[in-house]
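Secondary and tertiary structure notes
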Amino acid sequence: MESLIPMWGNFGAIAVMTLAAVGSAAGVGVAGMAAIGAWKKCYVQNKPAPFLLVGFVGAPLTQTIYGYIVMNSLLGVPTTPANFMQKLAAGIAGGAAIGMSAYFQGKGAACACDSFAETGKGVAADFIVLGMTETVAGR
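The rules behind the values
Residues numbered from 1 in each chain as written. Predicted model: local features only at pLDDT ≥ 70, side-chain atom pairs only at ≥ 80, totals over all residues. Heavy atoms only, no water. Phe/Tyr/Trp six-rings, centres within 6.5 Å; stacked < 30°, edge-to-face > 60°. Helix = DSSP H or I, 4+ residues; strand = E, 2+ residues; numbered from the N terminus. Expected span 1.5 Å × (residues − 1). Buried < 20%, exposed > 50% of the residue type's maximum accessible area, 1.4 Å probe, protein only. Arc of directions from axis to C-beta. Contact = heavy atoms within 4.5 Å. Core = buried A, V, L, I, M, F, W, Y, C linked by side-chain atoms within 4.5 Å.

What follows is about the packing of aromatic side chains. Evaluated as defined, the whole model comprises four aromatic pairs. Their ring planes at 75° and their centres at 6.5 Å tell us that Phe56 and Phe116 sit as a pair that is edge-to-face. You can see Phe56 sitting in helix α2 (residues 53-58) and its partner Phe116 sitting in helix α4 (residues 84-119), a full 60 residues away along the chain. Chaining the aromatic ring pairs together yields one cluster made of Phe56, Phe116 and Phe127.

Now the structure itself:
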């Protein structure tokens, strides 16, 4: 069992990166689908399709960076019999929080895509709301 302790502690580092990346992928997917739908509406209405929607779609990608930072922090702490469960729990809980933040940021970005493509207004407010969602992952 003693030889498995470093593995279990480092599994927390793997988990945080994995969960953050899964959340980012889901968030980008949701926002990307909305952007494609918004562009389609613009084409149907003979309006210019705003390239700015790509910025909304990419917003959830930043949570993968947070996952990477936490992963490196966890890997920087030597795993011992006294702390391996804390490292494992920190990785899983931290990754879940970061991943959920990314997913919900993607849902907000999807709404921003629809709104901005239709009205051409509110981009600053949209990015502020996405930034507020971002702060959950950065804490």
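In this section: helix α5 (residues 123-137). Its 15 residues place the ends of α5 22 Å apart at the C-alpha level, agreeing with the 21 Å of an ideal helix rising 1.5 Å per residue. Along α5, the residues that are buried comprise Asp126, Leu130, Glu134 and Ala137. Projected down its long axis, α5 carries its buried residues within an arc of 85°, all on one side. Away from the buried face of α5 by more than 90 degrees, exposed residues Ala124, Ile128, Met132 and Val136 are located. On the buried face of α5, the contacting elements are α2, α3 (62-75) and α4.

Take the nonpolar core next. Soluble globular proteins: nonpolar side chains tend toward being buried together. Within the largest apolar cluster, 14 residues are counted, with the highest numbers of intra-cluster contacts made by Leu53, Phe56 and Cys113. When residues of this core are traced back to their parent elements, those giving at least two are α1 (5-44), α2 and α4. With residues up to four places along the chain from it excluded, the contact list for Leu53 reads Ala35, Ala38, Trp39, Cys113, Phe116 and Ala117. Counting eight residues, the second largest nonpolar core, distinct from the first, contains Val16, Ala20, Leu74 and Ile98.

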